[in-house]
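# An overview of the molecular structure
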Amino acid sequence: MRGLPFFICLVLIVSTASAEDFCTTLSKKLRTVTYSGCKGLTLQPSGHTSIEGIPLMARRVRPQTPVPSRILFLGGIHGDEWASVSLSYLWLQNLIEQQPHLRHDWLVVPVVNPDGLFRRPSQRTNARGVDLNRNFPSPDWHTHAHNWWQQFKRRNPRYYPGPAPASEPETRYVLSLIRNFQPHIIIALHAPYKLLDYDGPHHIIVPQKLGPLKLRQLGTYPGSLGRYAGEYLHIPVLTIELASAANMPTRQQIQSMWQDLAHWLDKIR
Ligand SMILES: [Zn+2]
C-alpha cells in the first residue's frame, strides 16, 4: 500500500507530461493553435493511446445545472484535414467560455487521429494505414467493407477499412466514448467537401444549413461512423464538411455556423 501514493503521483506526472507534449507537437503543426491556448483547454488524457502511443485527449464541458442532452464532438478523424482540428479547438474554446450558460453537455475530442495529423506530410489514415471512418463495426463490415473498398475505391489506400472491424485503437476509443458517454448527438468535423451531412433517425428535424454549408445527404459506407452510429445505433450523426482542409472558414462563417448549430440543437432538444 505504501507504494500507492507514489504510483498515483507518477501517473499524474506522466499524464501532465503527455498533455504538454501533445500541445507542443500540435502547436508546431497547426498555425492556428498556440501552446498556451492548447494548455488552457485542459484536455485530459483518456487512458487510450494511438498506435504510436500518443494520448487520445478529450475535454468534457458541462453547464453548472445538469442538462439531459449529451453531445459528442469529434475532430481530426482524418489526419490531413487540418482545418477540422483547428475549428474543433476554436469551438472547444468557445464552449469553455460559454460554460455557465451552456444548454448541453459536451464531450470534445479535437484530434481522433493524432498519428495521421503529426505525420510529415499529414495523412488521412492512422499509423497503420487504416481509414478510421471505414473501421467502425457496422453490421455489414465483414460482408461489405472490403468489397466496397476494392470495387468502388479500386483499393485506394486512403480508404482502407482495416483488417477487421474496430481493429484500430483510435476506433475503439470512439466506441468507448459512445458506450460510456451515451451521446444523444454526434458531430464529426471533416473537410473539404463544403456540405453538411446527416445520418440517423428519420424523425429528427435535419438542419438545412450550417452557415455557408448546405445540407447534402451523401449516404453512408460500410464501416463509416454514419453507418455505424447513425443507421445502426440510431444516434443522429451530423457531419460538417468544411470547404477547405488547409484553410479555416472566415470568422463570420464560423459565427454563423455556430449560431445555426445552436439553433438546431435547441429545436431538437
Ligand atoms: Zn474526413
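These lines cover the structure that appears in this document, whether it is placed above or below. This structure is a prediction, so every number in the text was calculated from the model and none was measured. (Residues numbered from 1 in each chain as written. Predicted model: local features only at pLDDT ≥ 70, side-chain atom pairs only at ≥ 80, totals over all residues. Heavy atoms only, no water.)

### Regarding the pattern of salt bridges
- This structure, assessed with the given rule, holds 10 salt bridges.
- For the salt bridge of Asp 131 with Arg 124, the shortest nitrogen-to-oxygen distance reads 2.8 Å. Take Asp 131 and Arg 124: they sit in the same class, and that class is buried.
- Here Arg 227 and Asp 140 are joined by a salt bridge, their closest N and O atoms 2.5 Å apart. Taken together, the residues Arg 227 in helix H7 (residues 225-232) and Asp 140 in the loop between helix H4 (114-118) and helix H5 (141-152) connect sequence positions 87 residues apart.
- For Asp 140, a relative accessible area of 15% gives the class buried.
- One network of salt bridges, with partners in common, ties together Asp 140, Arg 227 and Glu 231. (Salt bridge = Lys/Arg side-chain N within 4 Å of Asp/Glu carboxyl O. Buried < 20%, exposed > 50% of the residue type's maximum accessible area, 1.4 Å probe, protein only. Helix = DSSP H or I, 4+ residues; strand = E, 2+ residues; numbered from the N terminus.)

### Observations concerning the coordination of the zinc ion
- Taken together, His 78 (ND1), Glu 81 (OE), Glu 81 (OE) and His 190 (ND1) make up the full set of protein donors to the zinc ion, lying 2.1 to 2.4 Å away.
- For the zinc ion, the 4 donor atoms are set out with angles of 57 to 149° between them, so the coordination reads as irregular.
- The sequence pattern describing where the donors of the zinc ion fall on their chain is H-x2-E-x108-H. When sorted by exposure, His 78 lands in the same class as Glu 81, which is buried. (Donors = N, O, S within 2.8 Å, 3.2 Å for Na, K, Ca; no water. Tetrahedral: all angles 85-135°; square planar, octahedral: opposite > 155°, others 65-115°.)

### A short note on the packing of helix H3 (residues 82-97) against helix H8 (residues 251-268)
- Two elements in contact, H3 and H8, have axes whose closest approach is 12 Å; the angle formed by their N-to-C orientations is 60°. Taken together, H3 and H8 sit at an angle that is classed as oblique. Along this stretch, H3 crosses H8, giving a crossing that reads as right-handed. Touching Leu 87, Leu 90, Trp 91, Asn 94 and Leu 95 of H3 are Ile 254, Met 257, Trp 258 and Leu 261, all from H8. (Axes fitted to C-alpha atoms, helices over the stretch in contact; angles between N-to-C directions. Parallel < 35°, antiparallel > 145°, perpendicular 65-115°, else oblique. Left-handed = near helix turned anticlockwise from the far one by under 90°. Contact = heavy atoms within 4.5 Å.)

### Regarding the nonpolar core
- Grouped together as the largest cluster of nonpolar side chains are 47 residues, with contacts concentrated most on Leu 26, Tyr 89, Trp 106 and Ile 240.
- In terms of residue count, the dominant contributor to this core is H3 (7 residues).
- Residue contacts for Leu 26: discarding those within four places in its chain leaves Val 33, Cys 38, Val 85, Tyr 89, Val 111, Leu 117 and Phe 118.
- Ranked by size, the runner-up nonpolar core spans 24 residues in total, among them Val 109, Ala 166, Tyr 228 and Val 237. (Core = buried A, V, L, I, M, F, W, Y, C linked by side-chain atoms within 4.5 Å.)

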